[in-house]
Amino acid sequence: MFSKAIDSVESANPRHIAIIMDGNGRWAQKRFMPRAFGHQAGVKAVRKIVECCAEQKIEVLTLFAFSSENWRRPEDEVSLLMGLFMATLQREINKLDRNNIRLRFIGDRSALSSQLQAKMAEGEKQTQSNDALTLVIAVNYGGHWDMCQAFQQILNKISTGELTHPTINTPLINQHLSTHGLPDPDLFIRTGGEQRVSNFMLWQLAYTELYFTPTLWPDFDPDALTEAINSFKGRQRRFGHTGEQMFNNSVIP
Ligand code: FPP
């Protein structure tokens, strides 16, 4: 009976996986190739991981493709990454649609080229009714930006009278974050060996299980993802409760 309770708490698949795909540059350098080669290999890894998440019936996969801080990279690397996003979207939107995958972007789009913004909007519109995996791509995204834009929206609604004397609480902020309507990540994965969150989904990661691996992103394959998911499944999530409460099966979040 005791192990049954443990099983029921510990064996669920994550609903939402969020990934910082780090290590493309080092992967290329190890092969004496330019960083661009690593980013191209990174796109191939993205495709395999998206397929794997769809097969494993994961509800949401969020990929950190470009942070608010990545503009600090050399200009040619920034334009290479932007070109790669555009080419990938052009090539993949129809395939995602055929596989019933819904595409969504988070981040400040205003700094992106109008062509890229248009393609992103097209991808979202074309796939909006799909209901298998939701693939969220974070582009020019930062956790600070997300919270600031949520607070700004709330402030604007107060000044126009749409919100009168609101109570600032978790549901109100959730509704205004770029991730509104999505469950918070259950599992956060960062490849490439660094052990930090780097301004990614700061609000949403409050109770997320963190998983760090030295594997460089282009080498992160479905087996590596399964290993991360298995590590997640072996953890006991307590959400502030005691371990005993969870064992007694009295609280299932
Ligand atoms: C970090 O590796 C990776 C990025 C900043 C870009 C991630 C982009 C992709 C995987 C390709 C495009 C993705 C999509 C969704 C179309 P790094 O360059 O910091 O590697 P390093 O730490 O080894 O230098």
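Because the structure is predicted, anything quoted here is derived from the model rather than measured. (Residues numbered from 1 in each chain as written. Predicted model: local features only at pLDDT ≥ 70, side-chain atom pairs only at ≥ 80, totals over all residues. Heavy atoms only, no water.)

## A few points about the packing of aromatic side chains
Counting across every chain of the model gives ten aromatic pairs. Ring geometry for F64 against Y141: centres 6.0 Å apart, planes inclined by 80°, an arrangement best described as edge-to-face. Of this pair, F64 sits in strand β2 (residues 60–67) while Y141 sits in strand β4 (residues 134–141); the two residues are 77 residues apart in sequence, bridging distant segments of the chain. Summarising the burial analysis for this pair, F64 and Y141 share the class buried. With a centroid separation of 6.1 Å and 90° between ring planes, the pair formed by Y141 and F200 is classed as edge-to-face. Of this pair, Y141 sits in strand β4 while F200 sits in the loop between β5 (187–190) and β6 (209–212), and the two are 59 residues apart along the sequence. (Phe/Tyr/Trp six-rings, centres within 6.5 Å; stacked < 30°, edge-to-face > 60°. Helix = DSSP H or I, 4+ residues; strand = E, 2+ residues; numbered from the N terminus. Buried < 20%, exposed > 50% of the residue type's maximum accessible area, 1.4 Å probe, protein only.)

## Structural notes on unusual backbone geometry
For N140, which is not a glycine, the phi torsion comes out positive at approximately 50°. Inspection of the secondary structure puts N140 in strand β4. You can call N140 buried: its relative accessible area is 6%. Located in the positive-phi region is N199, a residue other than glycine, with phi close to 60°. Inspection of the secondary structure assignment puts N199 in the loop between β5 and β6.

## Some points on the side chain of T213
Relative to the elements of secondary structure, T213 occurs in the loop between β6 and α8 (222–233). Accessibility expressed as a relative area gives 9% for T213, which makes it buried. Beyond its immediate sequence surroundings of up to four residues, T213 is in contact with R190, T191, G192, G193 and F220. (Contact = heavy atoms within 4.5 Å.)

## Examining the side chain of K119
Relative to the elements of secondary structure, K119 occurs in helix α5 (residues 114–126). Not counting the four nearest positions on each side in its chain, K119 is found in contact with M86, L89, Q90 and I93.

## What to know about α5
The terminal C-alpha atoms of α5 lie 18 Å apart, and with 13 residues this matches the ideal 18 Å at 1.5 Å per residue to within 8%. The complete set of buried residues in α5 reads L116, K119, M120, G123 and E124. Buried residues of α5 fall within an arc of 135° about the axis and therefore sit on the same side. Exposed residues lying more than 90 degrees from the buried face of α5 are S114, Q115 and K125. On the buried face of α5, the contacting elements are α4 (75–98) and β3 (102–106). (Expected span 1.5 Å × (residues − 1). Arc of directions from axis to C-beta.)

## Here we look at the nonpolar core
Of all hydrophobic cores here, the largest spans 42 residues; its most connected members are I17, I19, L61, L135, I189 and L225. Take this core: its biggest share by element is eight residues, from α4. Counting residues in each nonpolar core, the second largest holds 13 residues, with A18, V60, A138 and F200 among its members. (Core = buried A, V, L, I, M, F, W, Y, C linked by side-chain atoms within 4.5 Å.)

## Considerations on the site of the ligand
In the region of the ligand, 18 residues are neighbours, and D22, G25, R26, R35 and R73 sit closest. Side-chain polar atom of R35 to an oxygen atom of the ligand: 2.8 Å apart, as the coordinates give it. Contact with the protein chains covers 91% of the free accessible surface of the ligand, which is 630 Å². When contributions to the shell around the ligand are tallied by element, the ones reaching two or more residues are α2 (24–30), α3 (35–55) and α4. Top contributing element to the shell around the ligand by residue count: α3, with four residues. Considered class by class, the residues forming the shell around the ligand number seven nonpolar, seven polar and four charged. (Near = heavy atom within 4 Å. Polar contact = N/O pair within 3.5 Å; in protein donor to acceptor, adjacent residues only side chain to side chain. Areas by Shrake-Rupley, 256 points an atom, 1.4 Å probe, with all protein chains shown as cover. Nonpolar A, V, L, I, M, F, W, Y, C, P; charged D, E, K, R; others polar.)

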